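# Residue-level structure breakdown
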Amino acid sequence: MADDVVRRQLCVPNPQGIHARPAARLVELANGFQSRIEFVKGTERVDAKSIFQIMTLAAVQGTVLLLEARGPDAQAAADAIEKMIQELAETDAEASTSEP
Amino acid sequence: MKLSDFVVRDAVLPELAATTKEEVIREMAEGLRATGHIANGELDAVIKAILRREDQGTTGIGRGVAVPHTKHGSVPRLVGSVAVSKKGIDFESLDGDPVHVFFLLVSPSDRPGDHLRALETISKQLRNDTFCRFLRQSTTREQIVEVLEEADQNKIGS
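An account of the accompanying structure is given in this report. Quick caveat: nothing in here was measured; it's all calculated off a predicted structure.

## Some points on helix H3 (residues 74-86) of chain A
Residues and elements named next belong to chain A. The end-to-end C-alpha distance of H3, which contains 13 residues, comes to 18 Å, matching closely the 18 Å that a straight helix rising 1.5 Å per residue would cover. For H3, the set of buried residues is Ala-74, Ala-77, Ala-78, Ile-81, Glu-82, Met-84 and Ile-85. Here the buried residues of H3 occupy an arc of 160° about the axis, which is enough to place them on one side.

Here it is in structure tokens:
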């Protein structure tokens, strides 16, 4: 099957932004796909499979990211990552209830 | 943001006595308390909050590095410390390797942007293997502070 390229524009929905915990979960999710998966923020392009690179995005609430997946499972990868980012708003709320 | 914007120099630890995850967090937080950046009465609460955060997923992000952290209402501004362990500490890291370099962060509850920019600053430097190696080779507080300053000035080639 030919490699697909799937691009999605995403907006970080949650007040805490993509901090270390969601970054780790995104990396874990991304590594489950064969496709090359990258986030583009302005002029920066980072590998979604590296937590070091994702954390350099400093993706605060409202940050617009371009998600680019390239490979045999690009469609599924883009769907899964888009869903996880959209759901950050809910996971943020769960986490904050456990903080003092 | 620069490392010097939040790293408390006098809290930097060139050789951790700690041998466990909890001891590392305790030792580093104590350094921030001793320098007046965590209130005496809040130390245990801050340590507990950092440990609780670790329970939700390790901050051992691989390459021998961990960034234990929490948000806490008692600190007026973002503060952090750096510590090195020559022998390495089991931190249940994502890659399973022992951790040698620690960046501990405590940030106010209402400043998520500062926290993210500190993580950005740290992870940008940590991508540079030379920075990691220089930190691990440092044997004194002064040497670590010097490595941090050179990193802030982009003087460390990769």
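The discussion continues.
## Concerning the pattern of salt bridges
All names here are of chain A. The tally for this structure, following the rule as stated, stands at 18 salt bridges over all chains. One salt bridge in this structure joins Glu-38 and Arg-45, with 2.6 Å as the shortest N-O distance. The exposure class assigned to Arg-45 is partly exposed, which follows from its relative accessible area of 44%. Residue Lys-83 pairs with Glu-87 through a salt bridge whose shortest N-O separation is 3.3 Å.

## Comments concerning the packing of aromatic side chains
Taken as a whole and assessed by the stated rule, the structure comprises 1 aromatic pair over all chains. A cation sits over an aromatic face here: Lys-21 of chain B above Phe-91 of chain B, 4.8 Å from the ring centre. In this structure, Arg-63 of chain B is placed above the aromatic ring of Phe-52 of chain A, and the distance from its NZ or CZ to the ring centre is 5.3 Å.

## What to know about the sheet that holds strand E4 (residues 64-71) of chain A
Adjacent strands of a sheet form backbone hydrogen bonds with each other and so pair up, either parallel or antiparallel. Residues and elements named next belong to chain A. One open sheet holds the 4 strands; their spatial order is E1-E4-E2-E3, and the pairing between them is antiparallel. Either end of the sheet is taken by a strand with one partner, and the two such strands are strand E1 (4-11) and strand E3 (44-47). Each neighbouring strand pair of the sheet contributes to a mean axis angle of 25°, computed without reference to strand direction.

## Let's talk about the interface of chain B and chain A
It is common to give the size of an interface as the accessible area that goes away when the parts come together. Contact residues are listed per partner, giving 23 residues for chain B and 19 residues for chain A. Where chain B abuts chain A, roughly 1900 Å² becomes buried across the two surfaces, and 64% of that area is made up of carbon and sulfur atoms. Of all residues in chain B, Gln-56, Ile-61 and Leu-116 of chain B bury the most surface against chain A, accounting for 28% of the area lost on that side. Between Glu-44 of chain A and Lys-124 of chain B there is a salt bridge whose closest N-O contact spans 3.9 Å.

Reading the values: rules and limits
Residues numbered from 1 in each chain as written. Chains lettered and ligands numbered in written order. Predicted model: local features only at pLDDT ≥ 70, side-chain atom pairs only at ≥ 80, totals over all residues. Heavy atoms only, no water. Helix = DSSP H or I, 4+ residues; strand = E, 2+ residues; numbered from the N terminus. Expected span 1.5 Å × (residues − 1). Buried < 20%, exposed > 50% of the residue type's maximum accessible area, 1.4 Å probe, protein only. Arc of directions from axis to C-beta. Salt bridge = Lys/Arg side-chain N within 4 Å of Asp/Glu carboxyl O. Phe/Tyr/Trp six-rings, centres within 6.5 Å; stacked < 30°, edge-to-face > 60°. Lys NZ or Arg CZ within 6 Å of the ring centre and 35° of its normal. Pairing = 2+ DSSP bridges. Axes fitted to C-alpha atoms, helices over the stretch in contact; angles between N-to-C directions. Contact = heavy atoms within 4.5 Å. Buried area = accessible area lost by both parts, 1.4 Å probe.

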